[in-house]
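# Structural overview
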Amino acid sequence: MLEFKKEEIFIKKYEMVKEKKDFNSIINHSRFFKNSSYTIYIRKRNDTEIKFGLAISKKVGNAVVRNKLKRQVRAIIDNIKENFPNGRDYIIMIKRNCLEINFQEMKKNLIQLIEEIK
């Protein structure tokens, strides 16, 4: 059986935007890009760190469904983290459309949106 260390699977805790005031600041005072699956808000930082925040509406589904989508998006981010430009905060809002597509399409849509950001 394969064993994974927890920190190797997902985004590290220090790479996450956690506080509500930070979420609101980024969402209200930043540029955004969107497609059918995601909306990404971006704020530049003074250092070279990257921080991510995930948000999903309660309209998408119950807690089990929302948490599953967040886990999938965290895994995608972890795999493609090097594609994100450094020195920025990202809030990724997951849309209802992600329920209707598979994991590979979710990944493709996020990569396309990142390429648009660059």
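Residues numbered from 1 in each chain as written. Predicted model: local features only at pLDDT ≥ 70, side-chain atom pairs only at ≥ 80, totals over all residues. Heavy atoms only, no water.

### Here's the deal with the pattern of salt bridges
- Taken as a whole, this structure holds five salt bridges when the rule is applied.
- The closest approach of N and O atoms between Asp 47 and Arg 45, which form a salt bridge, is 2.9 Å.
- Taken together, the shared-partner salt bridges in this structure form one network comprising Arg 43, Arg 45, Asp 47, Glu 49 and Asp 89. (Salt bridge = Lys/Arg side-chain N within 4 Å of Asp/Glu carboxyl O.)

### Looking at the sheet that holds strand S2 (residues 38–44)
- Here we have four strands laid out as an open sheet, ordered S1-S2-S4-S3, and mixed in their pairing. Strands with a single pairing partner mark the edges of an open sheet, and in this sheet they are strand S1 (31–34) and strand S3 (50–56). Mean inter-strand twist for the sheet, computed between neighbouring axes without regard to direction, equals 20 degrees.
- Bridge count between S2 and strand S4 (residues 88–94): seven bridges; the pairing is antiparallel. (Pairing = 2+ DSSP bridges. Helix = DSSP H or I, 4+ residues; strand = E, 2+ residues; numbered from the N terminus. Axes fitted to C-alpha atoms, helices over the stretch in contact; angles between N-to-C directions.)

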